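Take a look at the letters that make up each chain.
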Amino acid sequence: MAIKNRKKRITARISALLLSAAMLCSLSACSDPVAVTKIKGTPTEAGAAESTLLHSVGDKANLQQVGKSGLIELLFDESTYSVCVADLSHDDSEKLWSALPTQENSGAATATLEIVSGDTLYKLNTQDNSVSFQNAQCSFADDALSVTYILAPDTATAHKEKYEKGDIAFKLVVNYQIKDGSVYVSAKYENLVADSDAKLTKLSLLNFFGAYSEPQQGDYIFVPDGSGALIKTDTRDDSFDSELSFPIYGGDAASGHANSGTANALIPAYGMKQGNNAFVTIIDSGDAIATVSADRVRGGNDFYEAGVSFDITPCTESKGKFYMSSESYDGDIGLCIRFLGGSNADYTGMAAAAREQLIRERILSTRTVEEQEYLPLDLTVIGVSDDTLFSFKRLNLKKEKTFTDFEQALDMLTRMKSKGINSIKLRYKGALSGGTDQSSIMTASLLARLGTRSDLKDLVEYVNAQNMEMYLDVNLLSAAKGDSFSSGRTAGSIFGKKAEYNAINNSPLGKDKYAKRMLGMKYVEKSIIEILKDTRFSQFTGFCLNDVGSLLYSDYKNGFNRQESAEMISEQLPSLTANMKLMTDTGNFRVIKNVSFISHLPTSASQSRSAYVSVPFLQLVLHGIVGYSGEPLNFSENAKTSFLRCVEYGASPAYEWMYSDTYADKKNKSDEDSTDTVGVYYENWIASASELYERADAALKDLQAARMTSHSEIMSGVFCTEYDTGAKIYVNYTESDVTVSGITVPAGDFIRIN
């Protein structure tokens, strides 16, 4: 009987311990620094305030001068509490840029706030929800203006002396300062209701600055899509049916806004050209939570317009539930607007102004590219990855395979050198645990199957002897879902789970996408320390930070909003440059200050149509500051066209190869009807690569440190790129020879003149 009672007591204690453990786990899961509000369904939008006639700029004669700097003048419209900027660069006329359009429009406002309270969404704007209630004030200082708006959903709330719980009332202070020929704009908000559950989710600022409805010939809007894109407002395009948006540095995967870490908006800037005038806006504070938007005249929209919004409190809907962070961004929000006139009023001038401002803000480096005897070729080699063993209909059997070991990489470089490719930046991908689907960098090591220490030493010695460079490709922020960071070191998503995303694989080798988990932001420094501790890594010239150039996310578990994450990464990267060089892939502007080369910088926008064209805006900003390449030529559907684009954009040629052929290479080789030109087996490409490299080297090698000063389409399909050395490169994409200034540019070719 005593034994039975003792067994019962032991069982009870074990049950109690298990229950306690379960409760602790439950509590810890709910005690993250950033909790999340969750409701069923999407918040219902509240009724808007009655629209007023306060949505257009007042008479020029009634505008009050705030200040003047150079050839621009900042003016204030007291009737609408908005601003205008007069550009006086033309003697015969002046251009007036206004925060509100010259025509009345019920949607135009200096700023718009989206606020969620309970299950209701309020959209308040400065014109209908503040100025119309006579709840706006202004104050002046030297060349500066501060406008304070009190925004409320209705007249009754707007005129209350004391707010009650459940009321919606926010204060927004917008500051303007004119200096150095630019206008600086900043914004701060405050919830005026104590103990309120209302959250400001989005703040849109100056979205109608420069908005217009009647374009002139040559007018356009610049947006930061890929390499850069122009929305040609003088060209009709009925395919535009909705507003375009570009999250700066890509969508936030941890907030449910991105299926991959691929960024298509790398630079925090946008602009507009009207006639002989233009402006470019640089987002200098709050860039990591910003989204640029642009629209054109179409059904339901009266203006050509561009602006920016800020995700103050991240929120998203998933599977019928609405998730919202309990923490809101309370840092700085700021814009710098630079104005251009005459011959500078184009995207080339915008790029020059953006470069100058980003250097001033220390986003970009003041250095110039190191002079080299030869143009570098950007070569990515695949060490270990998955390959298809058998494929039939939907059945795909894959197995991990070594494609390029150290000894084979040496042989590849030797053969390339013998064919005249004298400068190579070798990026070794798939060399760490997990191969191309890399494991956690905290535990990853060089794969033994790639060769011995002696094999690596031989490769390193050859690279150094030939003045080449070799970079170890690493994922610092993400790891394979199946071999990821320990649970305590994984970032948290807005859904209360481990933060994950699908990394798109552009290579024809391996899976189409890889499921990844993301590193907690407070462990970034420790992750870098782990990299520096491995002495075998130090034999490389440096690291290619693969995911850092395109992946940026919030960390709800460790209390980092996206802006704080960007600042954390930027602060930690310099420690990797002590004795080594850095390369990155894609190249969002938050990380490139510390890198010496950008691999696969975009050379096009995400789409192409008659009124939407790609331009080399990124290249105009970066050329001479940092080296870069375009997409791998062997990934392109038309390698010849992609090569011409490299020459036009001043980019090094890039390839991604391996020493062993793949299932796809073998299949295409045996299939006489195959039209697939994309492959990674180096034997198929080395001959043509050497020929293209020789031509690119002759055209670009002495321009690596030069600034790109101009780019234009001089006739349909023919482009001219100019440098500060006086060199010009004409590229002809057409099927006919063309004559430019007495010089013939052959069809499908290029020519350089000095």
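Residues numbered from 1 in each chain as written. Predicted model: local features only at pLDDT ≥ 70, side-chain atom pairs only at ≥ 80, totals over all residues. Heavy atoms only, no water.

Details of the environment of Ser-326
Turning to step 1, where the next piece is worked out: Within the fold, Ser-326 resides in the loop between strand 22 (321–325) and strand 23 (333–341).
Turning to step 2, where the next piece is worked out: Along the chain, Ser-326 and Tyr-556 lie 230 residues apart, while their C-alpha atoms are 9.8 Å from each other. (Helix = DSSP H or I, 4+ residues; strand = E, 2+ residues; numbered from the N terminus.)

Details of the sheet that holds strand 40 (residues 728–732)
Turning to step 1, where the next piece is worked out: An order of 38-39-40-43 is seen for the four strands of this open sheet, with the pairing classed as antiparallel. A single partner strand is all that each edge strand has here, and the edge strands are strand 38 (708–715) and strand 43 (749–753). Averaged over all pairs of adjacent strands, the angle between strand axes in this sheet comes to 15°, irrespective of strand direction.
Turning to step 2, where the next piece is worked out: Looking at chain direction, strand 38 and strand 39 (residues 718–723) are connected through six bridges and run antiparallel. (Pairing = 2+ DSSP bridges. Axes fitted to C-alpha atoms, helices over the stretch in contact; angles between N-to-C directions.)

Here's the deal with the packing of helix 4 (residues 406–418) against helix 5 (residues 453–465)
Turning to step 1, where the next piece is worked out: Here helix 4 crosses helix 5 at 20°, and the two axes come no closer than 8 Å. In terms of axis orientation, helix 4 runs roughly parallel to helix 5. Crossing angle aside, the handedness with which helix 4 passes helix 5 is left-handed. For the pair helix 4 and helix 5, the contacting residues are Phe-406, Ala-409, Leu-410, Leu-413, Thr-414 and Lys-417 in the first and Asp-455, Leu-456, Asp-458, Leu-459, Tyr-462 and Val-463 in the second.
Turning to step 2, where the next piece is worked out: The residue inventory of the contact of helix 4 with helix 5, partitioned by class, reads eight nonpolar, one polar and three charged. (Parallel < 35°, antiparallel > 145°, perpendicular 65-115°, else oblique. Left-handed = near helix turned anticlockwise from the far one by under 90°. Contact = heavy atoms within 4.5 Å. Nonpolar A, V, L, I, M, F, W, Y, C, P; charged D, E, K, R; others polar.)

Observations concerning the environment of Glu-648
Turning to step 1, where the next piece is worked out: Relative to the helices and strands, Glu-648 is located in helix 9 (residues 639–648).
Turning to step 2, where the next piece is worked out: When the C-alpha positions of Glu-648 and Leu-700 are compared, they lie 9.9 Å apart, and in sequence the two are 52 residues distant.
Turning to step 3, where the next piece is worked out: Setting aside its immediate chain neighbours within four residues, Glu-648 contacts His-711, Phe-719, Thr-721, Val-731 and Tyr-733.

Examining the pairing of strand 24 (residues 377–382)
Turning to step 1, where the next piece is worked out: With six of its six residues buried, strand 24 lies for the most part within the structure.
Turning to step 2, where the next piece is worked out: Residues Leu-377, Leu-379 and Val-381 point to one face of strand 24 and Asp-378, Thr-380 and Ile-382 to the other, with burial holding for every one of them.
Turning to step 3, where the next piece is worked out: Alignment of strand 24 against strand 27 (residues 424–429), held across six bridges, turns out to be parallel. Residue pairing across strands places Leu-377 opposite Ile-424, the latter belonging to strand 27.
Turning to step 4, where the next piece is worked out: In this sheet, strand 37 (residues 654–657) lies alongside strand 24 in parallel orientation, the contact comprising four bridges. By the bridge assignment for strand 37, Asp-378 is matched with Ala-654. (Buried < 20%, exposed > 50% of the residue type's maximum accessible area, 1.4 Å probe, protein only.)

Quick look at the side chain of Asp-749
Turning to step 1, where the next piece is worked out: Checked against the element boundaries, Asp-749 lands in strand 43.
Turning to step 2, where the next piece is worked out: For Asp-749, a relative accessible area of 18% puts it in the buried group.
Turning to step 3, where the next piece is worked out: Within the local environment of Asp-749, its side chain forms a polar contact with the side chain of Arg-695, the two groups lying 2.9 Å apart.
Turning to step 4, where the next piece is worked out: Those residues in contact with Asp-749 that lie beyond four places of it in its chain are Leu-644, Arg-695, Tyr-730, Val-731 and Asn-732. (Polar contact = N/O pair within 3.5 Å; in protein donor to acceptor, adjacent residues only side chain to side chain.)

Topic: the packing of helix 9 against helix 11 (residues 686–700)
Axis angle and axis distance: for two packed helices, these are the angle between their axes and the distance between the axes, and together they describe the pair.
Turning to step 1, where the next piece is worked out: Their axes nearest at 10 Å, the elements helix 9 and helix 11 cross at an angle of 15°. For the element pair helix 9 / helix 11, the angle class is roughly parallel. Here helix 9 runs over helix 11; the crossing is right-handed. Of helix 11, the residues touching helix 9 (which contributes Phe-643, Cys-646 and Val-647) are Leu-692, Arg-695, Ala-696 and Leu-700.
Turning to step 2, where the next piece is worked out: Here the residues of the contact of helix 9 with helix 11 sort into six nonpolar, no polar and one charged.

Details of helix 6 (residues 524–533)
Turning to step 1, where the next piece is worked out: Within the span of helix 6, buried status applies to Val-524, Ser-527, Ile-528 and Ile-531. Along the axis of helix 6, the buried residues cluster in a sector spanning 100°; they form a single face. (Arc of directions from axis to C-beta.)

Quick word on the sheet that holds strand 30 (residues 500–504)
Turning to step 1, where the next piece is worked out: An order of 29-31-30 is seen for the three strands of this open sheet, with the pairing classed as antiparallel. For this open sheet the edge positions go to strand 29 (478–480) and strand 30, each flanked by a neighbour on one side alone. Across the sheet, the mean angle from the axis of one strand to that of its neighbour is 45°, orientation sign disregarded.

Looking at the pattern of salt bridges
Turning to step 1, where the next piece is worked out: Evaluated as defined, the whole model comprises 25 salt bridges.
Turning to step 2, where the next piece is worked out: Across the pair Arg-236 and Asp-238 runs a salt bridge, and its minimum N-O distance is 3.0 Å. Here Arg-236 matches Asp-238 in class, with each residue exposed.
Turning to step 3, where the next piece is worked out: When salt bridges that share partners are traced, they join Asp-180, Arg-338, Glu-356 and Arg-360 into one network. (Salt bridge = Lys/Arg side-chain N within 4 Å of Asp/Glu carboxyl O.)

Things to note about the confidence of the model for the chain
Turning to step 1, where the next piece is worked out: Summarising the model, the chain shows a mean pLDDT of 88, and 89% of its residues fall at 70 or more.
Turning to step 2, where the next piece is worked out: Every residue in residues 1–33 scores below 50 in pLDDT, and together they form seven contacts with partners more than four places removed in sequence or on other chains.
Turning to step 3, where the next piece is worked out: Low pLDDT, under 50, characterises residues 667–677; the predicted model gives this stretch seven contacts beyond four residues in sequence or across chains. (pLDDT = per-residue confidence, 0-100.)

Thoughts on the packing of aromatic side chains
Aromatic ring pairs are reported here in terms of the distance separating the ring centres and the angle at which the planes meet.
Turning to step 1, where the next piece is worked out: Inspection of the entire model under this criterion finds 19 aromatic pairs.
Turning to step 2, where the next piece is worked out: Just above the ring of Tyr-184 sits the side chain of Lys-179; from NZ or CZ to the centre is 5.1 Å.
Turning to step 3, where the next piece is worked out: Lying over the aromatic face of Tyr-612, Arg-609 brings its terminal NZ or CZ to 6.0 Å of the ring centre. (Phe/Tyr/Trp six-rings, centres within 6.5 Å; stacked < 30°, edge-to-face > 60°. Lys NZ or Arg CZ within 6 Å of the ring centre and 35° of its normal.)

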